Structure formats: C-alpha cells, structure tokens
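What follows is each chain in one-letter form.
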Amino acid sequence: MATLIELCESRVLEVIDPLEAGELPWRMLYATMEFIEWLDGELPEIEHNILYSDLTPIEQVFAVFYEYVVGENFSSDRRFKKLHYTPDHHVWEFKTDEVRVFGWVPQKDAFICCFGDSKDNIEVNSSYGRYIAQTAYVRNMMDLDEPKCLEGRSYLDVVSDAH
Amino acid sequence: MSYQMRIDPKSRKSARFISGLQKKIQRALLESGKTQQEIASILGVDRSVVNRRLKGSANLTARSIAEFAYAFDKDVKIEFVDKDAAALTNWTLSSGKVIEIDDTSKSYARGTVEPDTKYVLERAGS
C-alpha cells in the first residue's frame, strides 16, 4: 500500500498544477496517467458549441481545476458534486458546460481525476453508470492506503474553502 | 514534478476571468436573497433567460451583467489591477512534492522551540 505522495513518486499519479507562479494551493488535484493522456489528447479535440459557453472545453476544465485548487467555494454552483448511484461508489464529478470529469476524494481537500468525457457523449451514450463503475474499479485496483476514499455525501465532508 | 495543462497564457487568463465572473454573479444572486423568478420579473424576461445567463457563460454580456446589477440593486465595478500572489494555502510544497507537516514538526517564532517537540526533519525536508 502507498500514500498519495508515493504514488506520485512512482508515476501512478500526477499532481495537476493550474496555478500561476507564486500562487499556493488550498486543495490538491491528482490525476491518473490515463487521465493525463486524455487531457493532452482528447480534451482539446472535443467539439466546442459556442451556444454553451464562451470558453472552449479545455478552458472550462482549466477554470474549474483552478478554482478547485485555489480553494473557491463550490457549494452553490454544483460544478463539484457526488454522483448518487445505488450502491454508492463514492464517485464525484466536476461539471463544466461541455465536459464531465470523474474521480474520487482520497482525503479532505484532495481529488483524484480518473476519467473525462464530453457532456454530449455521456448523455447520448448514457455512460454515467459505466464511468462510475470504471472509476470505482480503478480505485479498487490502485495500491493506495486505506481508506482509499472519503464516503461522506456532503460538500463539507470532502472540502474546506479558502474564503 | 507536476503536470500543467497545455493551455496558452491568454486562454488561462480568459478562463479564470470568465469563470470567476460567473461565480461572482451567482454569489451576488444568493446574497440578494431573490429568486431567479423575481430577477426575471424585475428584468422583464422569462426565468429561463435568467437561468441560462447564470449557468452558461455564453449568455454573459456587459449589458446582461449591468442588468443583473440593476436587479440585485447593486453597482458594478471593473478595475484592472496589478497581479498579486495568493496568500492562502492549506498545503506545504517542497520541490514539487506535497508534504503534510504534522503538529510535532511545527516551528515557532523568534527561534524558540517547544521543548518536547520531536522534529521529523527528513520528512519535512524531503
């Protein structure tokens, strides 16, 4: 079993840093290597619908990651929420106008990004259930110290706010 | 080492500004205590228009922001200010690696130390 730091050292996980030089994180954002590949390869290719947002999909993801790491409050805009599923797999998502990112909360103020896809793809293919199951599978297979995730349902169970 | 998204500085600036603007409007709505329906009535538009403006950045214009300010009974102020580093942090970073410092390795002001403190220097310095 390994800590988050050890998993980063062994390149199982990577820390995502959306901050500018001199800025400090309030929360930590981790990603699997598969998710990093998706960020680099597939996210920039997601078709942008200008009716949805002024921001392109990659800008939307960058913005929500930035706000998470810098410690912004997410309690009212539902862009960071737990996915309710029976049984509960303790999977959370980041929502932007056009993108969904699935992952879990290994400890308070930390999040591991696992899968991403366009909102349209997910809705057309009804793939929420599949992504929830795949995220839980990746978590179960990861050599992470127990407990591997927080099981709280509420926002305040999993994050604190900087302001 | 950490991963940085492949997004150019201009896009980073735009993303942060537009997303932050949207959050400020949502926060102002909450603080106003008004419902979306009440805002819609004040502005003479359908509630769905207000909802779209609040949820999607595509519908935010200088005019719509000013109209929100009118509905919230507030003024809007936009300033261009010098960049400022964030002062708040919840974590300690060392050479790109995240380390959590527990109470036993806490330092004290003016060079004094708690006599019973046991330092875990390797952990703190790695």
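Predicted model only: the values in this text are computed from it and were never measured.

Draft legend 1. Inspection of the overall build of chain A at higher detail. Summing up its helical and strand segments, chain A has 6 helices and 6 strands in all. When the helices and strands of chain A are read in sequence order from the N terminus, they spell out α-β-β-α-α-β-β-β-β-α-α-α. By the burial criterion, 56% of the 163 residues in chain A qualify as buried. A separation of at least 24 residues holds for 59% of the contacts in chain A among residues at least 6 apart in sequence. Just so you have it, chain A exposes about 7,100 Å², and 51% of that area is on carbon and sulfur atoms.

Draft legend 2. Representation of the sheet that holds strand S1 (residues 13–16) of chain A in the model. Read across the sheet, 7 strands follow the order S3(A)-S4(A)-S5(A)-S6(A)-S2(A)-S1(A)-S1(B) without closing on themselves; strand pairing throughout is mixed. A single partner strand is all that each edge strand has here, and the edge strands are strand S3 (80–82) of chain A together with strand S1 (2–3) of chain B. Here strand S5 (residues 99–104) of chain A pairs with strand S6 (residues 110–118) of chain A via 6 bridges, running antiparallel. Paired with Trp104(A) across the bridge in S6(A) is Ile112(A). Helix H2 (residues 33–41) of chain A contacts S1, strand S2 (28–32), S5 and S6 of chain A together with S1 of chain B of the sheet and is inclined by roughly 90° relative to S2(A).

Draft legend 3. How the structure looks around the layout of surface pockets. Estimates place the volume of the second largest pocket at around 770 Å³. Secondary-structure elements contributing two or more residues to the lining of the second largest pocket are helix H3 (57–70) of chain A together with helix H1 (9–32) and helix H3 (47–55) of chain B. It is H1(B) that provides the largest number of residues to the lining of the second largest pocket, a total of 6 residues. The residue makeup of the lining of the second largest pocket, split by class, is 8 nonpolar, 12 polar and 10 charged.

Draft legend 4. Just the packing of helix H2 (residues 36–43) of chain B against H3(B), in detail. Residues and elements named next belong to chain B. It is at 8 Å that the axes of H2 and H3 come closest, and there the two elements cross at 110°. Between H2 and H3, the interaxial angle falls into the category roughly perpendicular. Read as a crossing pair, H2 and H3 show a hand that is right-handed. On H3, the residues touching Gln36, Gln37, Ile39, Ala40 and Leu43 of H2 are Arg47, Val50, Asn51, Arg53 and Leu54.

Draft legend 5. Focus on H2(B). All names here are of chain B. Burial in H2 covers these residues: Ile39, Ala40 and Leu43. Buried residues of H2, viewed axially, fall in a sector of 100°; they line one side. Looking at the buried residues of H2, the elements they touch are H1, H3 and helix H4 (62–72). Two residues or fewer after H2 comes Gly44, characterised by a positive phi angle close to 70°.

Draft legend 6. Region of interest: unusual backbone geometry. Residues and elements named next belong to chain A. A cis geometry characterises the amide bond from Thr86 onward to Pro87, with omega recorded as 0°. Secondary-structure assignment places Pro87 in the loop between S3 and strand S4 (92–95). The linkage connecting Glu146 with the following residue, Pro147, adopts the cis geometry, with an omega of -10°. With respect to the secondary-structure elements, Pro147 resides in the loop between helix H5 (128–141) and helix H6 (155–158). Here the phi dihedral of Arg11 falls at roughly 65°; this positive angle occurs in a residue that is not glycine. Tracing the backbone shows Arg11 in the loop between helix H1 (4–9) and S1.

Cut-offs applied
Residues numbered from 1 in each chain as written. Chains lettered and ligands numbered in written order. Predicted model: local features only at pLDDT ≥ 70, side-chain atom pairs only at ≥ 80, totals over all residues. Heavy atoms only, no water. Helix = DSSP H or I, 4+ residues; strand = E, 2+ residues; numbered from the N terminus. Buried < 20%, exposed > 50% of the residue type's maximum accessible area, 1.4 Å probe, protein only. Contact = heavy atoms within 4.5 Å. Areas by Shrake-Rupley, 256 points an atom, 1.4 Å probe, with all protein chains shown as cover. Pairing = 2+ DSSP bridges. Axes fitted to C-alpha atoms, helices over the stretch in contact; angles between N-to-C directions. 1 Å grid on protein atoms, 1.4 Å probe; cavity = no way out; pocket = protein on both sides within 12 Å on 5 of 7 lines; lining within 4 Å. Points joined across faces, edges and corners; volume = space filled by probe spheres on them. Nonpolar A, V, L, I, M, F, W, Y, C, P; charged D, E, K, R; others polar. Parallel < 35°, antiparallel > 145°, perpendicular 65-115°, else oblique. Left-handed = near helix turned anticlockwise from the far one by under 90°. Arc of directions from axis to C-beta.

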